[in-house]
Amino acid sequence: MSADPARIAVIVGVGQVNDRPADPMQGMEPLDLMRAALEAADADAGGGWLSAVDTVAVVQQISFRQHNPLAEKVAAAIGATPSLAYESVGPNGDSPILLLNEAANRIARGQATVCAVVGAEALRTASQRAAARAKTDVAAQNPIRNLQKGAAPGYRQRYGLSAPVDVYPLYENAGRAAYGQTLAEGQRESGEIWSRFSDIAAQTPAAWIHAPRTVAQVVEPTADNRPIAFPYTKLMVANSSVNQGAGFLVTSLAEARRRGVPEERIVYVGRGAAAHESDDFLARDRYDASPSMETCLRRTLEWNDLTGADLDLAELYSCFPCVPKMARRVIGWPVEKPATVFGGLTFGGGPIGNYMSHAVAEMVDSLRGGEGETGLLFANGGFATHNHAIVLSTHPLPGAGEAHDFDVQADADAARGPVPPLVKDYAGPATIESYTLFYARDGSPTKGVVVARTPAGERTLAKVAGDDADLIAFLTDGAIEPVGTAGVVEVAGEDMVWRRAVA
C-alpha cells in the first residue's frame with residue numbers, strides 16, 4: 001500500500017539572509033532576520049505560503065535574549081495564525097534538525113499542513129552595541145562567556161572549563177591519541193577538512209566568509225590566526241560574530257502538488273535519530289568518541305536504508321574539528337570529500353544554535369541543483385552533548401508518510417561504557433586522559449588543564465601553570481603523545497596542579 005501524499009513531509013522553500021551594517025545601531029535584530037528569512041523561503045516556494053503556516057518553530061537565540069520567546073512574534077510578523085508556536089529548549093546546535101524532525105512527524109500525523117522552522121542571531125550587532133555602551137573593545141563583549149559573568153565559579157570553571165571552546169579540545173586531543181595520529185597528522189586532518197570548508201563557503205553566496213584557506217593557513221598560528229585552546233587556532237573554531245538568519249517551509253507532498261510546486265523543487269524529509277551525552281561533560285565515559293553520536297548516525301542510516309557510501313552529500317557539524325572527525329569515522333566519510341554544503345561554522349558562519357538551518361537550506365539547493373540524490377544532515381550541540389541527524393532526498397525514503405520516534409537514547413546508553421567517578425581532591429600519581437591549554441590574545445599560554453585518571457580509574461582535574469614552560473612544551477611540541485603519560489597531581493592552594501612524573 002503506497003503512502004498517503006498528505007502525510008509525506010517535504011521541504012518546498014528555503015531562505016537565508018546576511019546582515020552586514022557598517023553602523024551597528026542599524027543592524028537587524030533576530031526577529032527581523034527571522035521574518036526576512038521566512039519571506040525568502042516563501043518566495044522560494046512560489047509565494048503565498050506564510051498566511052497558511054499552522055506551526056511556527058523557532059530556534060532559541062541569545063544575541064537579544066530580552067526579546068525571547070520569539071515564536072508568537074515571528075508568527076505575527078509573517079501574518080500567520082498558527083495552532084502551535086514554540087521555540088527550542090536552549091540555543092543548541094541540534095535544534096534546527098530537531099525542529100525539522102518534529103515538523104515531519106506533525107505532517108505525518110495529520111497535525112499540520114504547513115510548518116515554518118526558523119532561527120537567527122545578530123551577535124555581531126549585539127557585541128558592537130554592547131562595546132559602544134561600555135566603551136570597551138568588541139572582543140570584550142563575548143555573549144557566550146558574558147552569560148556566565150557574575151556566577152560563582154564551580155569546580156570545572158576553576159580549572160578553565162567554562163565555554164564550549166574550552167571543552168571540545170578534550171575530545172580533539174583524546175581522539176588524536178586514539179586514532180594513532182601524531183600531532184602533525186591530527187592537525188593536518190583538521191586543516192584538510194577546514195580548507196575544504198573554506199572552498200565551499202567561497203562558492204556559497206549565503207556564507208559569511210568568501211576566502212579560501214590552505215591547510216597551512218588553517219593550522220599554523222599567526223598574528224591573524226592566533227591559538228585559542230590547544231590545538232585549535234582561530235580558523236578552527238566557530239565564528240559567532242555574525243548577523244544571519246535562515247528558515248525553511250515543511251509541508252505535505254499533497255499540499256506541495258496542490259499549490260503547483262514543480263516536482264524537481266520538492267525535497268523529501270527522511271527519518272532522523274537523536275541521542276545525547278550527559279550534560280555534565282565530566283560524567284562521560286570517554287573523550288575519544290561519543291556513543292550518542294555513533295548511535296544517532298548509525299540509526300539514521302539504518303532507518304533510511306542507507307550506508308555512508310550511498311550518501312552523495314553530507315553536512316557534519318563543525319563547531320570544532322573533533323566533531324566532524326568523529327562523525328566521518330562513524331559513517332565512513334572520506335576526508336577528501338567536503339563534509340559541508342554551506343561552509344562550516346568558521347566560514348559559513350556560526351549563528352549559535354541556528355547553523356543547521358543554513359545547512360538545510362543549502363542541502364535543499366544542492367539536491368535541487370543535481371549535486372546528488374541523498375544528503376545527510378548531522379547536528380551537534382552543547383558541549384558535544386546533543387546529537388541529531390536526518391536525511392533529505394530527491395525521492396521518498398523508507399517510512400515516508402509515517403511518524404516515528406526519533407529518540408534512540410536507550411540504545412546510546414546501552415553502548416556507553418562505565419563512567420569513572422569524579423574525585424575533586426585527589427593528590428598522587430595519575431595518567432593524562434586528555435588536556436588543553438588556553439591562550440591570551442597575543443598568543444601566549446595563560447594556563448591549561450589536564451583531565452587525569454587515578455590508579456583506581458577515577459577522574460580528576462589538575463591545572464597546568466602558565467609559566468611551566470617545560471610542561472607546556474611537552475604538551476604542545478608533538479615529540480611525544482601526552483595522552484596516556486604518567487604524572488603527579490599535587491596540591492597548590494585550593495587547586496591541584498599537574499607535574500610530569502620524574503624519570
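Our subject is the structure listed above.
What you are looking at is a predicted structure, and each value in this text was computed from that prediction instead of being measured.

### Let's talk about the overall build of the protein
At step 1: Per the secondary structure count, the protein includes 16 helices and 16 strands.
At step 2: The C-alpha radius of gyration of the protein comes to 23 Å, within 12% of the 23 Å expected for a compact globule of 503 residues.
At step 3: The buried share of the protein, reckoned over its 503 residues, is 59%.
At step 4: Restricting the contact set of the protein to residue pairs at least 6 apart, pairs at least 24 apart contribute 75%.
At step 5: On the protein, roughly 18900 Å² of surface is accessible, and the fraction owed to carbon and sulfur atoms is 51%.
At step 6: Positive and negative side-chain charges in the protein, numbering 44 and 59 respectively, have mean positions lying 4 Å apart.

### Comments concerning the packing of helix 8 (residues 183-202) against helix 12 (residues 322-331)
At step 1: Between helix 8 and helix 12, the least distance of the axes is 10 Å, while the angle of their chain directions is 90°. Viewed along their axes, helix 8 and helix 12 adopt a mutual orientation that is roughly perpendicular. Between helix 8, through Gly186, Glu189, Ser190, Ile193 and Trp194, and helix 12, the contact on the second element is made entirely by Pro324, Lys325, Arg328 and Arg329.
At step 2: Residue composition of the contact of helix 8 with helix 12, by class: three nonpolar, two polar and four charged.

### What about the environment of aspartate 305?
At step 1: Within the element layout of this structure, aspartate 305 appears in the loop between helix 11 (291-303) and strand 9 (313-316).
At step 2: By relative accessible area, which is 61% here, aspartate 305 ends up exposed.
At step 3: For the pair aspartate 305 and valine 215, spaced 90 residues apart in sequence, the C-alpha to C-alpha distance is 35 Å.

### Examining the packing of aromatic side chains
At step 1: Counted according to the given criterion, the structure contains nine aromatic pairs.
At step 2: When the centroid spacing of 5.8 Å and the interplanar angle of 15° are considered together, the rings of tyrosine 232 and phenylalanine 320 count as stacked. Within this pair, whereas tyrosine 232 is found in strand 6 (residues 232-233), its partner phenylalanine 320 is found in the loop between strand 9 and helix 12, the two being separated by 88 residues in sequence.
At step 3: Exposure remark for tyrosine 232: the relative accessible area of 0% places this residue in the buried category.
At step 4: Ring plane angle 90° and centroid distance 5.9 Å describe the contact between tyrosine 317 and tyrosine 355, whose orientation is recorded as edge-to-face.

### Regarding the sheet that holds strand 10 (residues 374-381)
At step 1: Spatially, the nine strands line up as an open sheet ordered 3-2-4-7-1-8-11-10-9, and their pairing is mixed. Where the open sheet ends on each side, the last strands, each with one partner, are strand 3 (84-87) and strand 9. Shown here is a sheet whose adjacent strand axes are inclined to one another by a mean of 20°, direction ignored.
At step 2: Sheet analysis places strand 1 (residues 9-18) next to strand 8 (residues 267-276), joined by two bridges and oriented antiparallel.

### Quick word on the environment of leucine 397
At step 1: Note on placement: leucine 397 falls in the loop between strand 11 (386-393) and helix 15 (409-415).
At step 2: The class of leucine 397 is buried, set by a relative accessible area of 9%.
At step 3: Along the sequence, leucine 397 and threonine 374 sit 23 residues apart, while their C-alpha atoms lie 9.5 Å from each other.
At step 4: When residues no more than four places from it in sequence are discounted, the contact partners of leucine 397 are Gly270, Asn304 and Val391.

### Some words on helix 11
At step 1: Between its first and last C-alpha atoms helix 11 spans 18 Å; for 13 residues at 1.5 Å apiece the expected length is 18 Å, and the two agree.
At step 2: Burial within helix 11 is extensive, with ten of its 13 residues counted as buried.
At step 3: For helix 11, the complete set of buried residues consists of Pro291, Ser292, Met293, Thr295, Cys296, Leu297, Arg299, Thr300, Leu301 and Trp303.
At step 4: Looking at the buried positions of helix 11, the neighbouring elements they touch are strand 8, helix 12, strand 10, strand 11 and helix 15.
At step 5: Phi turns positive one or two residues past the end of helix 11, at aspartate 305, with a value near 55°.

### As for the packing of helix 3 (residues 95-108) against helix 14 (residues 355-368)
At step 1: Following both chains from N to C, one finds helix 3 and helix 14 inclined at 60°, their axes separated by 6 Å at the closest point. Of the possible angle classes, the one that applies to helix 3 and helix 14 is oblique. Contacts between helix 3 and helix 14 involve Pro96, Ile97 and Leu100 on the former and, on the latter, Met356, Ser357 and Val360.
At step 2: Of the residues contributing to the contact of helix 3 with helix 14, the split by class is five nonpolar, one polar and no charged.

### A word on the pattern of salt bridges
At step 1: Scanning the model with the defined rule gives 28 salt bridges in all.
At step 2: A salt bridge links arginine 196 to glutamate 192; the shortest N-O distance between them is 3.7 Å. With arginine 196 and glutamate 192 both in helix 8, this residue pair falls four residues apart, about one helical turn.
At step 3: Glutamate 192 sits in the buried class, given a relative accessible area of 19%.

### Regarding helix 8
At step 1: If you check helix 8, its first and last C-alpha atoms are 28 Å apart, about what 20 residues at 1.5 Å a residue would give, namely 28 Å.
At step 2: Counting buried positions along helix 8 yields 14 of 20 residues, so the element is predominantly enclosed.

### Some words on the pairing of strand 9
At step 1: Of the two faces of strand 9, both are covered, the one formed by Leu313 and Glu315 as well as the one formed by Ala314 and Leu316.
At step 2: Pairing between strand 9 and strand 10: four bridges, direction parallel. By the bridge assignment for strand 10, alanine 314 is matched with leucine 376.

Cut-offs applied
- Residues numbered from 1 in each chain as written.
- Predicted model: local features only at pLDDT ≥ 70, side-chain atom pairs only at ≥ 80, totals over all residues.
- Heavy atoms only, no water.
- Helix = DSSP H or I, 4+ residues; strand = E, 2+ residues; numbered from the N terminus.
- Rg over C-alpha atoms; globule rule 2.2 N^0.38 Å.
- Buried < 20%, exposed > 50% of the residue type's maximum accessible area, 1.4 Å probe, protein only.
- Contact = heavy atoms within 4.5 Å.
- Areas by Shrake-Rupley, 256 points an atom, 1.4 Å probe, with all protein chains shown as cover.
- Lys, Arg positive; Asp, Glu negative; His and termini not counted.
- Charge placed at Lys NZ, Arg CZ, Asp CG, Glu CD.
- Axes fitted to C-alpha atoms, helices over the stretch in contact; angles between N-to-C directions.
- Parallel < 35°, antiparallel > 145°, perpendicular 65-115°, else oblique.
- Nonpolar A, V, L, I, M, F, W, Y, C, P; charged D, E, K, R; others polar.
- Phe/Tyr/Trp six-rings, centres within 6.5 Å; stacked < 30°, edge-to-face > 60°.
- Pairing = 2+ DSSP bridges.
- Expected span 1.5 Å × (residues − 1).
- Salt bridge = Lys/Arg side-chain N within 4 Å of Asp/Glu carboxyl O.

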